[in-house]
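As a plain string of letters, each chain reads:
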Amino acid sequence: MKSKSEEKVIVENTAAILHSCKRSRTVFMEYAHMVDQYQKQLAVLAQTGLQLALVLDQLAVTQGSEDLENGIVAVAKAVHQEEAARDDQAKTLLMEVVMPVKTHLENDKRDIANFERKAKADQKSAAACVKKAEIATKKAGKSKGADLSKSLQDLNQKVQEGQKILLDQLKAALTLERGRYCSVIGGWTKVFAATSFAHDATVKLITECNPTLIELAGSQARVPDDKKDLIKQQQRTLIAVRARPRVLTART
């Protein structure tokens, strides 16, 4: 059986936790605002990137070299895959982070107020039961018979029930406080998982095509295969023209 001072410590700890929940609301509101802005900007950036990928595809067909066309198409594919991943990240962020924190803020004041109201009512009810059992025990003490033993057992049971109520309230307050932060962490783990999976696929694609792209980037002087025969033919024509002897006409 706990002493009155120990019970007081439990009640004070529960109240301190609830006060901490109230005090942190301002920071949670700032967090909700920032993550909302971040998600919106991320979504806009993803859509812009997807449009960029489409323009790159269009750019690829505006010139006649197959190797360069394939290179720009590869760039477009990598950009599209990365931005599609970013778009998925933005959607996951909205569902798993932005909306839950908004819901939390909408319900937070009500949940804490209901918790405090119920806690006070339960404490008052438990104290009344203990008080009633104490009175019954004092009355039974005058008889010093079986009624006293039963009254003492009943009083001990009521005290234990009251102490259990206080401990349950402390545990519930801890769960309420920790649950808010666990929810934040849990949402971001889902965002990171979605981002990591998509990013790994993009890295693999870039790793495979990047050597070819680097080679193409420095191939300004390369003559495409379909132009080589034409150039050779023109070169032969020029050589033939240069080799033709000049015909001199006599002056009259």
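Up top you'll find the structure we're talking about.
Conventions adopted
- Residues numbered from 1 in each chain as written.
- Predicted model: local features only at pLDDT ≥ 70, side-chain atom pairs only at ≥ 80, totals over all residues.
- Heavy atoms only, no water.
- Helix = DSSP H or I, 4+ residues; strand = E, 2+ residues; numbered from the N terminus.
- Salt bridge = Lys/Arg side-chain N within 4 Å of Asp/Glu carboxyl O.
- Core = buried A, V, L, I, M, F, W, Y, C linked by side-chain atoms within 4.5 Å.
- Buried < 20%, exposed > 50% of the residue type's maximum accessible area, 1.4 Å probe, protein only.
- Contact = heavy atoms within 4.5 Å.

Undergrad: Sorry, what's going on with the environment of Asp36 here?
TA: Within the fold, Asp36 resides in helix α2 (residues 25–60). Sequence spacing of Asp36 and Lys102 is 66 residues, and the spatial spacing of their C-alpha atoms is 9.3 Å.

Undergrad: Got a minute to help me understand the pattern of salt bridges in this structure?
TA: Under the defined criterion, the tally for this structure stands at 12 salt bridges. For Glu83, the salt bridge is made with Arg86, and the minimal N-O distance between the two is 2.8 Å. Placement of the pair is Glu83 and Arg86 together in helix α3 (residues 66–143), with a separation of 3 residues, close to one helical turn. It is possible to trace a salt-bridge network through shared partners that takes in Arg25, Asp108 and Arg180.

Undergrad: Where do I start with the environment of Phe192 in this structure?
TA: Considering the arrangement of structural elements, one finds Phe192 in helix α4 (residues 146–217). Taking the C-alpha atoms as reference points, Phe192 and Leu93, 99 residues apart in sequence, are found 9.4 Å from one another.

Undergrad: What is the right way to look at the nonpolar core in this model?
TA: Nonpolar side chains in soluble globular proteins tend to end up buried together. Ranked by size, the top nonpolar core spans 11 residues in total: Phe28, Ala32, Val35, Leu42, Ala90, Leu93, Val97, Val98, Val101, Leu105 and Val191. Elements with a minimum of two residues in this core: α2 and α3. A per-element tally of this core places α3 first, with 6 residues. When residues no more than four places from it in sequence are discounted, the contact partners of Ala32 are Val101 and Leu105. Counting 8 residues, the second largest nonpolar core, distinct from the first, contains Ile10, Ala119, Leu166 and Ala173.

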